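One letter stands for each residue in the lines below.
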Amino acid sequence: MIVRKNQIKILIASIFTLIIMNSCSEDNTLAPYVGSPGMSKISIESGTTTPRINWIGGYVTVVGVNKGNYPALDSSLIWLIYLSGDQIKYPVKYGQIPAGAQDITSNYGGIFQSELIEDSSYSFWVMKEADWNQISSQQNKVLSLDTVITSIVIDGDTINLPAKNYTQLTSPLDNYINITAIARFGRLADIFVEKPTTDNNPIISWNIKQSGVTDTLISVIGICASNQFVSSSLVWEVYSIHDSAGVTYYGKRNVIPGPLKAGDQFAQTFVFTEYPAAGLERNKTYYIYIANKDWNGEDHGRTVNYYCYVTFNTY
């Protein structure tokens, strides 16, 4: 009986040991090595002229930015940084050299540009050391991503690179609203709207055309988020203001000069509707109107004297 009890104890202890061994084995087993993922998906931070550059596929040895539509080892380079051993970590902020890295832009005839320019096209690219060591001496060659090949192929002035160690992105810098479908109406003047390059506030100017009007200053300016004047859609409205014999008059003196930027402030004016802090928005229709001191202050049609307007779309 005693022997049987001892056998049971030994069996239980063996089972318990096996459970512990299996558990430890499961906890410490590593997944099979499948190799590093290929490079892909560069993304560029929006809303800045010195964006952060991010990518998928691990750390790299070089990060490059070229003016134009093609990555290349030539004078179109505006930024090229290098750090051996694939030690450049993502994201990288344009113009800020990571610790230990060096700027080698001038090695290929390029000139560093302190910030990117709105609506200009740029090519961003990153590369690992294995491929960089093979192509770094190929000055004036264009770089081209080829997702089919598995090794570097040089074809004339083009270096075709596989996706394992390299990726690229060409994109315009587009931080602010764009303007299209401009249509001008009215007797007083032709209004011109210029796309902004540093914010979402367009430049507004006008050429007086109404017979008998010589003063280029205006007394009223407004913007509606619509394709016609609608008081409930006003996003900016400014009138001249002055007092005479104890009476306050609005819009009866020409005091606003052009060209001006939407949202500007002017002396001798009263703001009935404050301009939005973020400026105009994308994907909307806007109506800008101006008038001078002789406008009747009520009508907004295209045949109204001393009044005119322009409509446009943003994207």
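Now for a quick tour of the structure. Please read these numbers as outputs of a predicted model, since none were measured by experiment.

Helix and strand content of the protein chain: two helices and 21 strands. A buried classification covers 40% of the 315 residues belonging to the protein chain. When the accessible area of the protein chain is evaluated, it comes to approximately 17,000 Å², of which 50% is carbon and sulfur surface.

Bringing the packing of aromatic side chains into the picture now. If you walk through the whole model with that rule in mind, you get 20 aromatic pairs. Geometrically, the ring pair formed by Trp236 and Tyr275 is edge-to-face, given 5.7 Å between the ring centres and 75 degrees between the ring planes. Residue Trp236 is located in strand 16 (residues 234–244), and its partner Tyr275 is located in the loop between strand 19 (269–273) and strand 20 (285–291); the two are separated by 39 residues in the primary sequence. Grouping residues by exposure puts Trp236 and Tyr275 together as buried.

The grouping of Tyr250, Phe270 and Phe272 at the surface amounts to a nonpolar patch, some 280 Å² of accessible area in total. Relative to the helices and strands, Phe270 resides in strand 19.

A separate point is the pattern of salt bridges. Tallied over the full model, the rule gives seven salt bridges. Note that Asp294 and Lys293 form a salt bridge whose closest N and O atoms lie 3.4 Å from each other. Residue class for Asp294 comes out partly exposed when judged on its relative accessible area of 41%. Owing to a relative accessible area of 35%, Lys293 belongs among the partly exposed residues under this scheme. A cluster of three or more residues bridged by salt bridges with shared partners is formed by Glu118, Asp119 and Lys195.

So, about the pairing of strand 14 (residues 203–208). In summary, the side chains of a regular strand alternate between the two faces of the sheet. Bridging between strand 13 (residues 189–194) and strand 14 involves six bridges; their strand directions are antiparallel. Of the residues in strand 14, the one forming a bridge with Phe192 is Ser205. The pairing of strand 14 with strand 18 (residues 260–261) spans two bridges and is classified as antiparallel. Residue pairing across strands places Ile203 opposite Lys261, the latter belonging to strand 18.

This brings us to the sheet that holds strand 5 (residues 92–93). The strands that make up a sheet are held in pairs by hydrogen bonds between backbone atoms, and each pair lies either parallel or antiparallel. Spatially, three strands are ordered 1-2-5 in an open sheet, and the strand pairing comes out antiparallel. Only two strands of the sheet have a single neighbouring strand rather than two, namely strand 1 (40–44) and strand 5. As judged from the two bridges shared by strand 2 (residues 52–56) and strand 5, these two strands associate in the antiparallel manner. Residue pairing across strands places Arg52 opposite Lys93, the latter belonging to strand 5.

With respect to the helices and strands, the residue Asp199 is situated in the loop between strand 13 and strand 14. Of the polar contacts made by the side chain of Asp199, one reaches the backbone nitrogen of Asn201; its length is 3.0 Å. A polar contact is formed between the side chain of Asp199 and the side chain of Lys261, at a distance of 3.0 Å. Residues in contact with Asp199, not counting those within four places in the same chain, are Tyr176 and Lys261.

Criteria and thresholds
Throughout, a residue's number is its position along its own chain's written sequence, starting from 1. It should be noted that, the model being predicted, local features are given only for residues of pLDDT at least 70 and side-chain atom pairs only at 80 or more, the latter also being counted only at that level, while totals for whole chains, interfaces and linings use all residues. To get the side-chain values, take all heavy atoms of the structure and skip hydrogens and water. The way it works is that DSSP assigns letters per residue, a run of H or I at least four long becomes a helix, a run of E at least two long becomes a strand, and they are numbered from the N terminus. Buried means the residue's accessible area, taken with a 1.4 Å probe over protein chains only, is under 20% of the maximum for its type, while exposed means over 50%, and partly exposed covers the values in between. Only the protein chains shown count as cover for residues, and the accessible areas themselves come from Shrake-Rupley with a 1.4 Å probe. Two rings from Phe, Tyr or Trp (for Trp, the six-membered ring) form a pair when their centres sit within 6.5 Å of each other. Planes less than 30 degrees apart are called stacked, planes more than 60 degrees apart edge-to-face, and all others tilted. Patch membership needs two things, relative accessible area over 30% and no salt bridge, and members are linked within 9 Å if like-charged or within 5 Å if nonpolar (Val, Leu, Ile, Met, Phe, Trp, Tyr). By definition here, a salt bridge exists when the distance from a side-chain nitrogen of Lys or Arg to a carboxyl oxygen of Asp or Glu is within 4 Å. Strands are treated as partners if at least two bridges between them are detected by DSSP. Polar contacts, as counted here, are pairs of nitrogen or oxygen atoms within 3.5 Å of one another; within protein the pair requires one atom able to donate a hydrogen and one able to accept it, and residues that are adjacent in sequence qualify only if both atoms are side-chain atoms. Every residue pair with non-hydrogen atoms within 4.5 Å of one another is taken to be in contact.

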